[in-house]
Amino acid sequence: MSGIYIEQADCTLDVPTYQDVQEAAQILKGVANLTPTATSRTLDAELGVKCFLKCENLQRMGAFKFRGGYNALSHLTNEERNAGVVTFSSGNHAQAVALSAKLLSMKATIIMPKDAPQIKVDATKGYGGNVIFYDRYTEDRNAIASDIQAKTNASLIPPYDHKHVIAGQGTAGKELIEELSEKGVSLDYLFVCVGGGGLISGCALAAHTLAPDCKVIGVEPEAGNDAQQSMEKGEICRIDTPQTIADGAQTQFIGKLTFAIMKKHVDRIITVSDDELVASMRFFGERMKMIVEPTGCLGIAGLKKLVASGEVSPGSNCGVIISGGNIDLARYSSLLNL
């Protein structure tokens, strides 16, 4: 997988700040679920650390993406709302935008890959989204979105490289850190899954302000380590669409806004295998009675990896964002039976 430089000009980017995360928190108050932070004595004993799991699988539409989608749509003008929105997504952002548009009485066109999980397609349609399919391996979703914009004047709400999307996602990290702080707990590490970088960049903004000593660790699938390459080379790297069970992390490159934040506030990006994701899915299902999709297991799999290597010290306070729980039950069962 070769790296390709994409010109960066951070000084000209409208990069969100923690103040934008604070604003998003106010917009989402009473709309988004205040998701619970789960703990497991079994997990703590196994790893020798204290684990705090932010359960965004229990968020509205089943994933953290609702936060960014609703926040972004809430910033549109009345004229823009009347024209509707368009986006592209493998599933969770699709559902987030479709549901947010429904709540805000807007039209939404969603461009989804043909191989998107059926549960995510059905939910997106159920929320009122107009779904258009494309082949993620041969077609350009950006070009399809641009064509729709030209015909309808709809506003494009990308899955991650958007100021208000990033700010909305950051409220998950903000809630976790503030809840633990009220209990006298300071995080040493925060593990976050990485696709396009919206969740980790938003959470990094929150951690930098609220827990400056906390190390923010991003976790990608081994087959799709574009963020890891980008951080190591200091430039955005593009890869082929990765073949991984973590469909929410099948991105080819991270965004300009997300990369600008990650360079400053993310300490490291690591990778885990699909087998490690399945093992974490099984743990969540058997021991914590939660259905978590493969992408949602990236954080805990990354924590386990760094504990095993000795890079996370015993007794550390470790936060993990469980990003979502949207997976077909047939697919879920087949993965656990491998």
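All of these numbers come straight from a predicted model, not from anything done at the bench. (Residues numbered from 1 in each chain as written. Predicted model: local features only at pLDDT ≥ 70, side-chain atom pairs only at ≥ 80, totals over all residues. Heavy atoms only, no water.)

## A word on the sheet that holds strand 7 (residues 189–193)
Across the sheet, which stays open at both edges, the six strands sit in the order 1-2-10-7-8-9 with mixed pairing between neighbours. Lying at the two open borders of the sheet, with one neighbouring strand each, are strand 1 (37–38) and strand 9 (268–272). Sheet contacts for helix 8 (residues 163–182): strand 1, strand 2 (50–55), strand 7 and strand 10 (317–322); angle to strand 2, the most-contacted strand, approximately 135°. Running at roughly 95° to strand 9, helix 13 (residues 298–308) makes contact with strand 2, strand 7, strand 8 (215–221), strand 9 and strand 10 of the sheet. (Pairing = 2+ DSSP bridges. Helix = DSSP H or I, 4+ residues; strand = E, 2+ residues; numbered from the N terminus. Contact = heavy atoms within 4.5 Å. Axes fitted to C-alpha atoms, helices over the stretch in contact; angles between N-to-C directions.)

## What to know about the sheet that holds strand 5 (residues 130–134)
Pairing within the open sheet is parallel, and its four strands lie in the order 5-4-3-6. Among the strands making up the open sheet, the edge pair consists of strand 5 and strand 6 (155–156). Note that strand 3 (residues 85–88) and strand 4 (residues 108–113) share four bridges and pair parallel. Counterpart to Val 85 in the pairing with strand 4 is Ala 108.

## Topic: the pattern of salt bridges
Oppositely charged side chains can pair when the atoms bearing their charge come close. Per the counting criterion, the structure on display carries 13 salt bridges. A salt bridge links Glu 56 to Arg 67, with the shortest nitrogen-to-oxygen separation between them at 2.8 Å. Of this pair, Glu 56 sits in the loop between strand 2 and helix 3 (65–74) while Arg 67 sits in helix 3, placing them 11 residues apart in sequence. Three or more residues joined by partner-sharing salt bridges are found here, namely Lys 54, Glu 56, Arg 67 and Glu 175. (Salt bridge = Lys/Arg side-chain N within 4 Å of Asp/Glu carboxyl O.)

## Examining the pairing of strand 10
Taken across its six residues, strand 10 has six buried, putting it largely inside the fold. What you see with strand 10 is no split at all: Asn 317, Gly 319 and Ile 321 on one side and Cys 318, Val 320 and Ile 322 on the other are buried throughout. Pairing between strand 2 and strand 10: six bridges, direction parallel. Residue pairing across strands places Phe 52 opposite Gly 319, the latter belonging to strand 10. In this sheet, strand 10 lies alongside strand 7 in parallel orientation, the contact comprising three bridges. Residue pairing in the sheet places Phe 191 in a bridge with Val 320 of strand 10. (Buried < 20%, exposed > 50% of the residue type's maximum accessible area, 1.4 Å probe, protein only.)

## Some thoughts on the packing of aromatic side chains
Under the definition given, this model contains three aromatic pairs. On the numbers, 5.6 Å between centres and 35° between planes, the contact of Phe 66 with Tyr 70 is tilted. Here Tyr 70 and Phe 66 lie together in helix 3, a separation of four residues that amounts to about one turn. Each member of the pair, Phe 66 as well as Tyr 70, carries the same accessibility label: buried. (Phe/Tyr/Trp six-rings, centres within 6.5 Å; stacked < 30°, edge-to-face > 60°.)

## Examining the nonpolar core
Among the nonpolar cores identified, the biggest contains 74 residues, and Leu 53, Phe 191, Phe 284 and Leu 303 are the most heavily contacted of them. Looking at this core, the element that brings in the most residues is helix 9 (residues 198–210), giving seven residues. If near-sequence neighbours (up to four positions away) are discounted, Leu 53 is found in contact with Pro 36, Thr 37, Ala 38, Leu 43, Phe 284, Met 288, Ile 300, Val 320 and Ile 322. Judged by nonpolar contacts, the second largest core, of 26 residues, contains Met 61, Phe 66, Ala 94 and Ala 116. (Core = buried A, V, L, I, M, F, W, Y, C linked by side-chain atoms within 4.5 Å.)

## As for helix 7 (residues 141–152)
Over its 12 residues, helix 7 runs 16 Å from end to end, which matches the ideal 16 Å to within 8%, given 1.5 Å per residue. Turning to helix 7, its buried residues number three or more, namely Arg 141, Ala 145 and Ile 148. The buried residues of helix 7 all sit within an arc of 60° when viewed along its axis, so they share a single face. Exposed residues lying more than 90 degrees from the buried face of helix 7 are Ala 150 and Lys 151. Buried-residue contacts for helix 7 involve strand 3, strand 4, strand 5 and strand 6. For helix 7, the N-terminal cap is Asp 140; the gap from its side-chain oxygen to the backbone nitrogen of Asn 142 is 2.9 Å. (Expected span 1.5 Å × (residues − 1). Arc of directions from axis to C-beta. Polar contact = N/O pair within 3.5 Å; in protein donor to acceptor, adjacent residues only side chain to side chain.)

## Considerations on the confidence of the model for the protein
Looking at the protein as a whole, its pLDDT mean stands at 94, while 96% of the residues score no less than 70. Note that residues 1–10 has pLDDT below 50 and, in this model, 25 contacts with residues that lie over four places away or in other chains. (pLDDT = per-residue confidence, 0-100.)

## As for helix 6 (residues 118–126)
Every buried residue of helix 6 is listed here: Lys 120, Val 121, Ala 123 and Thr 124. Viewed end-on, helix 6 has its buried residues packed into an arc of 165°, placing them on one side of the element. Note on helix 6: the residue one or two positions beyond its end, Gly 128, has a positive phi of about 100°.

## A word on the side chain of Thr 124
Structurally, Thr 124 can be placed in helix 6. The buried category is assigned to Thr 124, whose relative accessible area is 0%. Apart from the residues lying within four places of it in its own chain, the contact partners of Thr 124 are Gly 91, Ala 94, Gln 95, Ala 98, Ile 110, Met 112, Gly 129 and Val 131.

## Observations concerning the environment of Glu 311
On the secondary structure map, Glu 311 appears in the loop between helix 13 and strand 10. Classification of Glu 311 as partly exposed rests on a relative accessible area of 38%. The residues touching Glu 311, leaving out its near neighbours within four places in the chain, are Tyr 189, Arg 268 and Leu 306. A polar contact is formed between the side chain of Glu 311 and the side chain of Ser 309, at a distance of 2.7 Å.

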